[in-house]
Amino acid sequence: MIRLKNIKKSFGKQMVLKGIDLTVEKGEVVVILGPSGSGKTTLLRCINFLERADSGAITIGDLSVDCHRATKKEILALRRKTAMVFQHYNLFKHKTVLENVMEGLVVVQKWPVERAKERSLQILEKVGLSQQIDMYPSQLSGGQQQRVGIARALALNPEVILFDEPTSALDPELVGEVLSVIQKIAREGITMIVVTHEMGFARDISDHVVFMDNGVVVEEGKPNEIFHAPKEERTKQFLKRITPEWRYSI
Amino acid sequence: MGKSFDLNLVFDFLPKLLSYLHITLLILVGAVLIGLLVGFLAALPRIYNIPVLRTLSAIYVSFIRGTPILIQLFLVYYGLPELLKTIQIDVTHMSSLVFVIITYGFSIGALFSEIIRAAVSAVDRGQTEAAYAIGMTPIAAFVRIVLPQALTIAFPNFANLVISYLKDTSLAFYIGVMDMTGRGQTLGTATNHFLEVYISLAIIYYAVCILLEKCFSLLETRMLRYERQFPVSQ
Ligand SMILES: Nc1ncnc2c1ncn2[C@@H]1O[C@H](COP(=O)(O)OP(=O)(O)OP(=O)(O)O)[C@@H](O)[C@H]1O
Ligand SMILES: [Mg+2]
């Protein structure tokens, strides 16, 4: 289980997160929605300390960390319980597909190379990249690169995978292949926090939806409630703008 | 002026001069090794923005860039023994070769630190973040992810640096080192056929440079194997 308590973060004078609380049950898929600049990326980055929140607490499984006081050791331990899939993939460019996936197992989790390779091959098969294991990221399409990014995260068997707009850098015709891989691993019961602007996908995949605006959680609930019967005016406005074709009982 | 030109002497001199090539290469290799070490140490404070050390490193680099290598050589040759005397170390019997290697090492180091610094900042930050996100320590992320790519990026500039310093080693004879150029100087004096000596020297330096360039470009192709080799078809 993951619990965020009163996470606050400012950049200079601008307060980007104004006290976020969030609980994610084991195996749950939480989708975070919100307009641009509302703090979604910052929130994800605070969870694995790519940004250090100014205050608040993060609990993942049996590890609780006070954001303000977290030591290097605690940060490392927290990062080893999480994995992240980036908007721009951020693959290791000098390593092959297989090496990208093995890297964390071998270097961080100290697996023997043979075992790491075996597991990585299984996972690459799962994301449909068995044919590409010896290629370098620069030789792959965006969709393939992002599937490597997902395999790299998945290999570590983390308690939660954080997705930050995993398809927003992709050409439209490549979005589908990535979304269906995410959907597939979601069905396997992996805990995920997903930031996305793909509303159909969000509705299908989520167990819980959080709508953020201006650094606060405006509204949260079951996908049905949020997508079809939102209570807050700001949620309604946002959904109407982004999915005007859907019918709302507003 | 010397005696009348004799082409045969050029070929006569070649083997005589070549027998001193190893001294020239020794200076180069020694200096490059020192340069790599010094260059890294000088680059780190500027990459990680460590106060004081960062400034010292910047001053060192700008001094080396702003002074001729020959003057640096004299400064070390005459200055270092004086400096060491004040702490009771006597180096009057140390070979001039050592001074040359030290000078060239520090000189290469300064330029190398600039190259490495630029190369490290050219590796996109996202990869470091990805390495942190999978739980790597900052040192592991630097050594395993950033550094290999930075070295590849730095390599062409590094190769040019090495080649230009190969040519600069010819200045070593000014402090009495018997390298290839030094040997040429004595040959010229003994035979009074300076032009032939210099033609031979030019041939040798040029050949070695070409050879080095070839080796470097082969290495570079190998290092760059992860860059895009063919367009994506899907
Ligand atoms: N490193 C930073 N330094 C300064 N300001 C930042 C930094 N990162 C984010 N911000 C600011 O924080 C605010 C929230 O940014 P964030 O990227 O979290 O929004 P987002 O919800 O992910 O938006 P989008 O949907 O466009 O990705 C923005 O106003 C942004 O300019
Ligand atoms: Mg964002």
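Residues numbered from 1 in each chain as written. Chains lettered and ligands numbered in written order. Predicted model: local features only at pLDDT ≥ 70, side-chain atom pairs only at ≥ 80, totals over all residues. Heavy atoms only, no water.

**Points about the pairing of strand β4 (residues 55-60) of chain A**
All names here are of chain A. With 5 bridges joining them, strand β1 (residues 2-11) and β4 adopt antiparallel strand pairing. Residue pairing in the sheet places Lys 5 in a bridge with Ala 57 of β4. With 4 bridges connecting them, β4 and strand β5 (residues 63-66) associate as antiparallel partners. Bridged to Thr 59 within β5 is Ser 64. Taking the residues that link successive antiparallel strands as the turn, the β4-β5 hairpin has 2 residues, and the phi of Gly 61 there is positive, at about 60 degrees. (Pairing = 2+ DSSP bridges. Helix = DSSP H or I, 4+ residues; strand = E, 2+ residues; numbered from the N terminus.)

**Side note on the UniProt feature "domain: ABC transporter" (unreviewed entry) in chain A**
Within this structure's numbering, the places UniProt gives as "domain: ABC transporter" (unreviewed entry) are residues 2-239 of chain A. In residues 2-239 of chain A, helix accounts for 39% and strand for 26%; the two terminal C-alpha atoms are 27 Å from one another. (UniProt positions renumbered as here; feature names shortened; annotations may be inferred.)

**What to know about the packing of aromatic side chains**
The way to describe two aromatic rings as a pair is by their centre distance and the angle between their planes. Residues and elements named next belong to chain B. The final tally for this structure, using the stated rule, is 15 aromatic pairs over all chains. Both rings, one in Phe 155 and one in Phe 158, keep their centres 6.4 Å apart while their planes meet at 45 degrees; by these two values the pair is tilted. Of this pair, Phe 155 and Phe 158 both sit in helix α7 (residues 138-168), 3 residues apart, which is roughly one turn of that helix. Per residue, the accessibility class of Phe 155 equals that of Phe 158, and both read buried. Both rings, one in Phe 155 and one in Phe 216, keep their centres 5.7 Å apart while their planes meet at 80 degrees; by these two values the pair is edge-to-face. A residue pair is termed long-range when its members are at least 10 positions apart, and Phe 155 in helix α7 and Phe 216 in helix α9 (residues 194-223) qualify at 61 residues. Among the aromatic residues, ring-to-ring pairing joins Phe 74, Tyr 77, Tyr 78, Phe 99, Phe 173 and Tyr 174 into one connected group. (Phe/Tyr/Trp six-rings, centres within 6.5 Å; stacked < 30°, edge-to-face > 60°. Buried < 20%, exposed > 50% of the residue type's maximum accessible area, 1.4 Å probe, protein only.)

**Some thoughts on empty space enclosed by the protein**
Under the criterion given, the structure shown has 1 cavity of 30 Å³ or more. Taken as a whole, the largest cavity spans an internal volume of roughly 40 Å³. Lining the largest cavity, in full, are Ala 83, Met 84, Phe 86, Gly 149, Arg 152 and Ala 153 of chain A together with Ala 130, Ala 133 and Ile 134 of chain B. At the level of secondary structure, the elements contributing two or more residues to the lining of the largest cavity comprise β6 (82-85) and α5 (142-155) of chain A together with α6 (125-133) of chain B. The element best represented in the lining of the largest cavity is α5 of chain A, accounting for 3 residues. Of the residues that constitute the lining of the largest cavity, the class distribution is 7 nonpolar, 1 polar and 1 charged. (1 Å grid on protein atoms, 1.4 Å probe; cavity = no way out; pocket = protein on both sides within 12 Å on 5 of 7 lines; lining within 4 Å. Points joined across faces, edges and corners; volume = space filled by probe spheres on them. Nonpolar A, V, L, I, M, F, W, Y, C, P; charged D, E, K, R; others polar.)

**So, the nonpolar core**
Ranked by internal contacts, the top residues of the largest apolar core, which has 97 residues, are Ile 7, Leu 33, Leu 124, Ile 150, Phe 163 and Met 192 of chain A together with Met 136 of chain B. When neighbours within four sequence positions are excluded, Met 136 of chain B is seen to be in contact with Leu 76, Glu 103, Val 107 and Val 108 of chain A together with Ala 131, Ala 141 and Ile 145 of chain B. Formed by 53 residues, the second largest nonpolar core is a distinct cluster that contains Leu 17, Phe 142, Ala 172 and Phe 216 of chain B. (Core = buried A, V, L, I, M, F, W, Y, C linked by side-chain atoms within 4.5 Å. Contact = heavy atoms within 4.5 Å.)

**Overview of the interface of chain B and chain A**
The partner chain A presents 30 residues to the 25 residues of chain B that form the contact. Between chain B and chain A the total buried area reaches about 2,400 Å² when both faces are included, carbon and sulfur atoms providing 58% of it. Counting the surface chain B buries against chain A, the share from its top three residues, Ala 133, Ile 134 and Tyr 226 of chain B, is 25%. Linking chain B with chain A are 3 salt bridges, by the criterion used here. (Buried area = accessible area lost by both parts, 1.4 Å probe. Salt bridge = Lys/Arg side-chain N within 4 Å of Asp/Glu carboxyl O.)

**Re the site of ligand 1**
All names here are of chain A. Near ligand 1 lie 13 residues; those nearest to it are Ser 36, Gly 37, Lys 40, Thr 41 and Thr 42. The contact in question runs from an oxygen atom of ligand 1 to an N or O atom on the side chain of Gln 14, over 3.0 Å. Glu 165 has a polar side-chain atom sitting 3.2 Å from an oxygen atom of ligand 1. Burial of ligand 1 by the protein chains amounts to 62% of its free accessible area of 640 Å². Within the residue set of the shell around ligand 1, elements represented by two or more residues are β2 (14-24) and α1 (40-47). Of the residues belonging to the shell around ligand 1, the class tally is 3 nonpolar, 8 polar and 2 charged. (Near = heavy atom within 4 Å. Polar contact = N/O pair within 3.5 Å; in protein donor to acceptor, adjacent residues only side chain to side chain. Areas by Shrake-Rupley, 256 points an atom, 1.4 Å probe, with all protein chains shown as cover.)

**Points about a nonpolar patch on the surface**
All names here are of chain B. A grouping of Leu 37, Leu 41, Leu 44, Tyr 48, Ile 50, Val 52, Leu 53, Leu 56 and Ile 59 is seen on the molecular surface, where their side chains present a nonpolar patch of about 870 Å² in accessible area. Of all the secondary structure elements, the ones that give two or more residues to the nonpolar patch are α2 (21-47) and α3 (53-66). Locating Val 52 in the fold gives a position in the loop between α2 and α3. (Patch = residues over 30% accessible without salt bridge, like charges linked within 9 Å, V, L, I, M, F, W, Y side chains within 5 Å.)

**Looking at the sheet that holds strand β8 (residues 192-195) of chain A**
Residue and element names in this part refer to chain A. Spatially, the 6 strands line up as an open sheet ordered β6-β7-β8-β3-β9-β10, and their pairing is mixed. Both edges of this open sheet fall to β6 and β10 (216-221), since each of them pairs with a single strand only. When the angles between neighbouring strand axes are averaged without regard to direction, this sheet yields 20 degrees. Where strand β3 (residues 29-33) meets strand β9 (residues 208-213), 4 bridges bridge the pair, whose relative direction is parallel. Within β9, the position partnered with Val 30 by the bridge is His 208. Against the sheet, α5 touches β6 and β7 (160-164), its axis set at about 180 degrees to β6. (Axes fitted to C-alpha atoms, helices over the stretch in contact; angles between N-to-C directions.)

**Digging into unusual backbone geometry**
Here Phe 49 of chain A, not a glycine, exhibits a phi torsion of approximately 60 degrees, which is positive. Summarising the element assignment, Phe 49 of chain A is placed in the loop between α1 and β4. The class of Phe 49 of chain A is buried, set by a relative accessible area of 5%. In this structure, Asn 192 of chain B is a non-glycine residue whose phi angle is positive, near 60 degrees. Along the chain, Asn 192 of chain B turns up in the loop between α8 (180-191) and α9.

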